[in-house]
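Summary of structural features
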Amino acid sequence: EWHGWEPMGMMPPLSVDENGNDVTDETYNPDEWDAFDYSGHSGQSVLAKDAQNLADALERALDDISDMPIGHQYIHPTAAPLIDYWSGKENKDYMRGFIAYCRQGAFTIA
């Protein structure tokens, strides 16, 4: 959505059974599962291709984000436009670190 990223949706939280096999976590409720809620911290998994696509989009966005911090006058991050909130060298460096993390493949949001 932002700079070309189209979320693919996430896999539900997984656990490992006594044999080491991945199984759906017992806390997973399919009636409440939102595969496109990337803001939750319930153990959902981001697929490798989705992580790569997110990294590509964030990398494209870096040039549009100011090196000077301009979004930090906002009281709460959700009040700032994302492009302003991520402004400044320190925030852009953090984003570069996240881009590198996404390039490593699938990951879990815990």
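Residues numbered from 1 in each chain as written. Predicted model: local features only at pLDDT ≥ 70, side-chain atom pairs only at ≥ 80, totals over all residues. Heavy atoms only, no water.

**Some thoughts on the overall build of the protein**
Per the secondary structure count, the protein includes 3 helices and 4 strands. Each helix and strand of the protein, ordered N terminal to C terminal, gives the series β-β-β-α-α-α-β. Across the 110 residues of the protein, 32% fall into the buried class. Restricting the contact set of the protein to residue pairs at least 6 apart, pairs at least 24 apart contribute 60%. Total accessible area on the protein stands at roughly 7,300 Å², and carbon and sulfur atoms take up 53% of it. (Helix = DSSP H or I, 4+ residues; strand = E, 2+ residues; numbered from the N terminus. Buried < 20%, exposed > 50% of the residue type's maximum accessible area, 1.4 Å probe, protein only. Contact = heavy atoms within 4.5 Å. Areas by Shrake-Rupley, 256 points an atom, 1.4 Å probe, with all protein chains shown as cover.)

**Points about the layout of surface pockets**
Any empty space left between the atoms is revealed when a probe the size of a water molecule rolls over them. Empty space within the largest pocket amounts to approximately 760 Å³. What lines the largest pocket is a set of 20 residues, and nearest its centre among them are Y38, L54, L58, W86 and F98. Element by element, the count of residues in the lining of the largest pocket is highest for helix α3 (residues 89-103), at 4 residues. Its residues placed into classes, the lining of the largest pocket shows 16 nonpolar, 3 polar and 1 charged. (1 Å grid on protein atoms, 1.4 Å probe; cavity = no way out; pocket = protein on both sides within 12 Å on 5 of 7 lines; lining within 4 Å. Points joined across faces, edges and corners; volume = space filled by probe spheres on them. Nonpolar A, V, L, I, M, F, W, Y, C, P; charged D, E, K, R; others polar.)

**A short note on the environment of T108**
Residue placement: T108 occurs in strand β4 (residues 107-109). Take T108: its relative accessible area is 44%, and that puts it in the partly exposed class. Counting along the chain gives 61 residues from T108 to L47, while the straight-line C-alpha distance between them is 8.9 Å. Residues contacting T108, with those up to four places away along its chain left out, are G43, Q44 and S45.

**Considering the environment of Q104**
Relative to the helices and strands, Q104 is located in the loop between α3 and β4. Expressed as a C-alpha distance, the spacing of Q104 and A55, which sit 49 residues apart in the sequence, is 9.9 Å.

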